[in-house]
Every structure is written in structure tokens, then in C-alpha cells.
Amino acid sequence: MLDRRGALPLYEQLAAMFRERIDSREWPAGSQLPSERELCELFGVSRITVRHAIGIAEQAGLLDRVHGVGTFVAQPTMEQPLDRLNSFEQTLAQRGLVASTVVHTAELTVSDLALSSILRLDATAPVAHLRLVGRGNDQGIVVYDSYFPPDVGEEMTTAAKRAEQAGLPFSTLDLYRNTERTKPDRLAQTFEAIVADRELGELLGVDEGWPILRVTSVLSQEQRPVEYRTASYRGDRYKFAVDRSLSGLH
């Protein structure tokens, strides 16, 4: 109930009530809120109070307003700690999402000079390309493009198809837990912000130009590169976190 005699403004109280309904999943992620008029009647407040409350909730990442359509409960943002490796399924489960993975592409192709240099192969040597689309509640969240030397690619493609047939959510990092020959022991990564092109937008269900967080990885086993991977995450759905020691300042 709103406290009309309290010191806290009504719009802040209303925003807190929005959060309660979202946290309790009375308003589930992706659902549309009642109209402003209906919210006014439901809570017994003015339209300007409703608009202020929606604005606060939107700034807090709880709501998304779509011009000409309405206001929706925002999809939860996935947070991946950088100091440890979580499975794709674990990361999404922490936000109440059901993870799934689709093998979009599995092919043998010809490397270019940059790729052959990274994987330490002869120029124009064959490489295995595996593209996976990771989903949360059947909505695209990340596209993985992985390239392997042919022998590693054969093992990884077999593992990916087996996992897909079993209905398991996975990334290539998850697959290595069940491979026999390939067990990477080192991971080097870089992070950058890009925008989606048309193809990536279609895979992730977003418009061309949508913000994307791209993570580029090189995995090695006994100093031999075994995988070059780009992971393209929806920028509105994913964030990375790190906890660093500041002992060097003392």
C-alpha cells in the first residue's frame, strides 16, 4: 500500500512496488505492463506519478519502454565473473533462464592469413568452423564462432552434435570437459564493443547496429593453439565482472 502521509514521494514508493512485483515474478520478464491509465486506476495515483515511477524503474534496468508499443519488464542481465569459468547453463540459470544451444554451422573451410597465423597453420590450410547460437528462454543471447585445426575440429564438432542431440546447453568451453584428446590449459581473451551486422542481428533477434560485446579467445594446450573463438553477446543482456586486489597500493 502507498503511504500518502509518508516522507517518501509517491512515485518512489510506486517504483518500489514495481520492483516487488517484478522480483516476485507477478510481472515476469518480457511481460507488458498495464497501460498508464490502468496503472493509475490500479494504484489510485495520477498519470504523472505513474510516469515518474516508470522512469525510475527504467533507469534501474527493471523496465523497457518501446515507443508506440508500451512498457515491458526488462529481461535479466547475465553477469559472468572473470575470475572463474562458469558453464553457459550455470550463467543463465543464475538469472532464472533456461539455456539451450543450437549448432548453426559445422564445416571445413580455408583459413586466411590472420587465422592461420593465430592457429600456427600453413597459409590457406583447412580449418574447422563451428558456429553455435546460445539461447536463454529460446531467445538468442550469444553467437560463438570457433575455428580449430582439423584434428581438433573433428573432435569438437562430434562433441557439439552429440550435446545438441542430447538437448544440453553448452559452449565450446563446456565441451572440453568431455573430450578425450583436447584439454586446453591456457586461455587468452580480449574484450571490445561492436555493433551487430545484419547476419548477427538475425541470429540474436536484434536490429542491425545493436550494441554487442565481443570476446575474442585463443585457447592453447601445451602451447599449441587449439581454438580461436569470437563470442558475440547482446550488449543489453550480458555483462562481465571482476574483483581485483589493490594490495599493490599499500
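Note: the structure precedes this text.
Summarised in this report is the structure supplied together with it. Note that the structure is predicted; figures quoted are calculated from it, not measured.

Rules and cut-offs
Residues numbered from 1 in each chain as written. Predicted model: local features only at pLDDT ≥ 70, side-chain atom pairs only at ≥ 80, totals over all residues. Heavy atoms only, no water. Helix = DSSP H or I, 4+ residues; strand = E, 2+ residues; numbered from the N terminus. Rg over C-alpha atoms; globule rule 2.2 N^0.38 Å. Buried < 20%, exposed > 50% of the residue type's maximum accessible area, 1.4 Å probe, protein only. Contact = heavy atoms within 4.5 Å. Areas by Shrake-Rupley, 256 points an atom, 1.4 Å probe, with all protein chains shown as cover. Lys, Arg positive; Asp, Glu negative; His and termini not counted. Charge placed at Lys NZ, Arg CZ, Asp CG, Glu CD. Salt bridge = Lys/Arg side-chain N within 4 Å of Asp/Glu carboxyl O. Phe/Tyr/Trp six-rings, centres within 6.5 Å; stacked < 30°, edge-to-face > 60°. Pairing = 2+ DSSP bridges. Expected span 1.5 Å × (residues − 1). Axes fitted to C-alpha atoms, helices over the stretch in contact; angles between N-to-C directions. Parallel < 35°, antiparallel > 145°, perpendicular 65-115°, else oblique. Nonpolar A, V, L, I, M, F, W, Y, C, P; charged D, E, K, R; others polar.

Tallying secondary structure elements over the chain gives 8 helices and 10 strands in all. For the chain, whose C-alpha radius of gyration is 23 Å, the value lies well above the compact-globule estimate of 18 Å for 250 residues. Along the first, second and third principal axes, the C-alpha atoms of the chain reach 75 × 50 × 30 Å. Here the chain, with 250 residues, has 42% of them falling under the buried criterion. Of the contacts formed within the chain by residues at least 6 apart in sequence, a portion of 58% connects residues at least 24 apart. Total accessible area computed for the chain in this model is approximately 14400 Å², and 48% of it derives from carbon and sulfur atoms. Distance between charge centres in the chain, computed from 28 positive and 35 negative side chains, equals 4 Å.

Attention now moves to the pattern of salt bridges. Inspection of the entire model under this criterion finds 11 salt bridges. Arg37 is the salt-bridge partner of Glu41, the closest N and O atoms lying 3.3 Å from each other. Linking Glu41 with Arg37, this pair stays in helix H2 (residues 36-43), spanning 4 residues, or about one helical turn. In this structure, Glu58 engages Arg65 in a salt bridge whose closest nitrogen and oxygen atoms are separated by 2.9 Å. Sharing partners across several salt bridges, the network here consists of Glu36, Arg47 and Arg51.

All right, on to the packing of aromatic side chains then. Across all of its chains, the model carries 3 aromatic pairs by this definition. When the ring of Phe18 is compared with that of Trp27, the centres are 5.5 Å apart and the planes differ by 45°; the resulting orientation is tilted. Following the ring pairs from residue to residue traces out a cluster consisting of Phe18, Trp27 and Phe43.

Here the focus is the pairing of strand S8 (residues 211-221). Where strand S7 (residues 186-195) and S8 come together, 10 bridges link them in antiparallel fashion. Each residue of the ladder has a partner; that of Leu187, found in S8, is Leu219. Two elements, S8 and strand S9 (residues 224-234), share 10 bridges in a ladder whose sense is antiparallel. Within the sheet, the bridge partner assigned to Ile212 lies in S9 and is Arg234. Taking the residues between adjacent antiparallel strands as the criterion, S8 and S9 are bridged by 2 residues, where Glu222 takes a positive phi near 50°.

Okay, the side chain of Thr230 next. Inspection of the secondary structure assignment puts Thr230 in strand S9. What Thr230 contacts, discounting residues up to four positions off in sequence, is Val143, Tyr144, Asp145, Arg214, Val215 and Thr216.

Look at helix H1 (residues 10-23): 20 Å from first C-alpha to last across 14 residues, which is about the 20 Å you get at 1.5 Å a residue. Looking only at H1, the buried set comprises Gln13, Leu14, Ala15, Met17, Phe18, Arg21 and Ile22. Among the structural elements, H2, helix H3 (47-59), strand S1 (63-66) and strand S2 (70-73) are those in contact with the buried residues of H1. The first or second residue beyond H1 is Arg25, which carries a positive phi of 65°.

Where H2 meets H3, the axes come as close as 9 Å, and the angle between the chain directions of the two elements is 105°. As far as their axial angle goes, H3 and H2 are roughly perpendicular. The segment H2 lies against H3, with Glu36, Arg37, Leu39 and Cys40 engaging Arg47, Val50, Arg51 and Ile54. For the contact of H2 with H3, the class distribution of residues is 4 nonpolar, no polar and 4 charged.

With that settled, consider the sheet that holds strand S4 (residues 99-110). The antiparallel open sheet is built from 6 strands, whose spatial order is S4-S5-S6-S9-S8-S7. Each edge of the open sheet is held by one strand with a lone partner, namely S4 and S7. Averaged over all pairs of adjacent strands, the angle between their axes in this sheet comes to 15°, without regard to strand direction. Of the strand pairs in this sheet, S4 and strand S5 (residues 126-136) are connected by 11 bridges, and their pairing is antiparallel. For Thr109, the partnering residue across the bridge sits in S5 and is Val127.

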